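Now for the letters of each chain:
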Amino acid sequence: MRFDVVTIFPEMFSALTQWGVTGRACETSLASVHLWNPRDFCADARKTVDDRAYGGGPGMVMMAKPLEDALAQIQLTHQSAKVASGPVCLLAPQGERFTQKKAAEILDLGNLTLICGRYEAIDQRFIDRNVDFQLSLGDFVLSGGEIPAMAVMDAVIRLIPGALGDSESAAQDSFINGLLDHPHYTRPEIYENLSVPDVLLGGHHAKIADWRRQKSLELTFRLRPDLIESARANGLLTREDEQFLRSL
Ligand code: 9D3
């Protein structure tokens, strides 16, 4: 999976490329992250990438030209390597909500260009001419698109076959099966007078699996009833699951 990222803060991306699962995927070339700074594509000595908004109002607007010149360079690079350059995604509050399903769809694309906005906004003409789709992390205000871009890449990189070790991939099942995860415990057996549920200490694997499934169902039912609805609609609930849910 190849990502090309347009950002005026390329240094931020070491959080993704240097650490943990995503760092290892970059090191082993399962993923690559190429960073492009629109300031490097400015004609003027001041390296201006923003200007005041036509019509007035507070806040600056990112200019179309430096962004478009960065994009042109990305597309040239892909052309020379004889690879398709893939769609262009803008991270923006007005985008569609990013989900696990969209992470899987992006993985299928094989490569993606991500545009990170800063300041108040991006010139609409850049968006109209170049952006194929827009993604948002949700209804809260961040300072720019860099952290959302990293969140998207993290979610996608984890889906690359071989990116997770065996112990890590087990931990993925939970969202894939559409339910919240069950509670987890580790040593010591008693912590501050609180003990680990007996069933987990017994070594009876079928009973443990049943307990975990029920805890998943119960937590999801109480905290995210909407996920129970979609799990049901997607045929992910067994007759035993339905029977247990009726008992709650
Ligand atoms: C307070 C400024 N807002 C005016 C009503 C507009 C605005 C512009 C730029 C709000 C946020 C941003 C920067 N955010 C992103 O670029 C962003 C984002 C977000 O803020 N929340 C959730 N997902 C995303 S994806 C990109």
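Residues numbered from 1 in each chain as written. Predicted model: local features only at pLDDT ≥ 70, side-chain atom pairs only at ≥ 80, totals over all residues. Heavy atoms only, no water.

Participant: Which residues make up the sheet that holds strand E1 (residues 2–6), and what values do they have?
Facilitator: The pairing of strands in a sheet happens through backbone hydrogen bonds and is either parallel or antiparallel. Spatial ordering of the open sheet is given by E2-E1-E6-E5-E8, a layout of 5 strands whose pairing is parallel. Two strands bound the open sheet, and with one partner strand each, they are strand E2 (32–36) and strand E8 (133–136). Sheet twist, expressed as the mean angle between neighbouring strand axes with direction ignored, is 35°. Where helix H3 (residues 64–80) meets the sheet, its contacts fall on E1, E2, strand E5 (88–97) and strand E6 (111–116), and the angle it forms with E1 comes to roughly 160°. (Pairing = 2+ DSSP bridges. Helix = DSSP H or I, 4+ residues; strand = E, 2+ residues; numbered from the N terminus. Axes fitted to C-alpha atoms, helices over the stretch in contact; angles between N-to-C directions. Contact = heavy atoms within 4.5 Å.)

Participant: Go over the domain arrangement of the chain, please, and point to the residues and values.
Facilitator: Domain assignment breaks the chain into domain 1 (2–158) and domain 2 (175–247). Just the C-alpha atoms count here: the centres of domain 1 and domain 2 sit 38 Å apart. (Domains from an automatic or database assignment.)

Participant: I'd love a proper account of the site of the ligand, names of residues and values included.
Facilitator: Inspection of the region around the ligand gives 16 residues, with Glu 120, Leu 137, Gly 138, Phe 140 and Leu 142 positioned closest. Compared with its free state, where it exposes 580 Å², the ligand has 71% of that area covered by protein. Within the residue set of the shell around the ligand, elements represented by two or more residues are E5 and E8. Here the shell around the ligand gets 3 residues from one element, more than from any other, and that element is E5. For the shell around the ligand, a count of residues per class yields 10 nonpolar, 5 polar and 1 charged. (Near = heavy atom within 4 Å. Areas by Shrake-Rupley, 256 points an atom, 1.4 Å probe, with all protein chains shown as cover. Nonpolar A, V, L, I, M, F, W, Y, C, P; charged D, E, K, R; others polar.)

Participant: Account for the nonpolar core, with residues named and values stated.
Facilitator: Counting residues in each nonpolar core, the largest one holds 28 residues, and the members touching the most others are Phe 3, Val 5, Ile 106, Leu 114, Met 153 and Ile 157. Secondary structure elements with two or more residues in this core: E1, helix H2 (20–27), E5, helix H4 (100–109), E6 and helix H6 (146–157). Counting residues per element, this core draws most heavily on H6, at 7 residues. Within the second largest apolar cluster, 19 residues are counted, among which are Val 49, Ala 70, Val 88 and Ala 92. (Core = buried A, V, L, I, M, F, W, Y, C linked by side-chain atoms within 4.5 Å. Buried < 20%, exposed > 50% of the residue type's maximum accessible area, 1.4 Å probe, protein only.)

Participant: Residues and numbers for a nonpolar patch on the surface, please.
Facilitator: A cluster of nonpolar residues, Phe 140, Leu 142 and Ile 147, forms a patch on the protein surface that exposes about 290 Å² of accessible area. Take Ile 147: it is sitting in helix H6. (Patch = residues over 30% accessible without salt bridge, like charges linked within 9 Å, V, L, I, M, F, W, Y side chains within 5 Å. Salt bridge = Lys/Arg side-chain N within 4 Å of Asp/Glu carboxyl O.)

Participant: Describe in detail the pairing of E5, supporting the description with residues and values.
Facilitator: Of the strand pairs in this sheet, E5 and E6 are connected by 4 bridges, and their pairing is parallel. Each residue of the ladder has a partner; that of Val 88, found in E6, is Thr 113. Across 5 bridges, the pairing between E5 and E8 is parallel. Across the sheet, the residue bridging to Leu 91 is Leu 135, located in E8.

Participant: For helix H10 (residues 225–233), give the residues involved together with the corresponding values.
Facilitator: Looking only at H10, the buried set comprises Leu 227, Ile 228 and Ala 231. Projection of H10 onto a plane perpendicular to its axis shows the buried side chains occupying an angular sector of 105°, all on one side. Where the residues of H10 are buried, they touch helix H9 (205–223) and helix H11 (239–246). Immediately downstream of H10, the backbone of Gly 235 shows phi near 70°, a positive value. (Arc of directions from axis to C-beta.)

Participant: Please provide a residue-by-residue account of the pattern of salt bridges, values included.
Facilitator: Within this structure, the stated rule accounts for 14 salt bridges. Here Asp 241 ties to Arg 213 by a salt bridge, and the two come within 2.6 Å at their closest N and O atoms. Here the residue Asp 241 occupies a position in helix H11, and Arg 213 occupies one in helix H9, the gap between them amounting to 28 residues. Residue classification places Asp 241 among the buried positions, given a relative accessible area of 4%. Across the pair Arg 232 and Glu 229 runs a salt bridge, and its minimum N-O distance is 3.3 Å. Residue Arg 232 and its partner Glu 229 are located together in helix H10, separated by 3 residues, close to a single helical turn. Given a relative accessible area of 48%, Glu 229 falls into the partly exposed group. Salt bridges sharing partners connect three or more residues here, namely Lys 215, Glu 218 and Arg 222.

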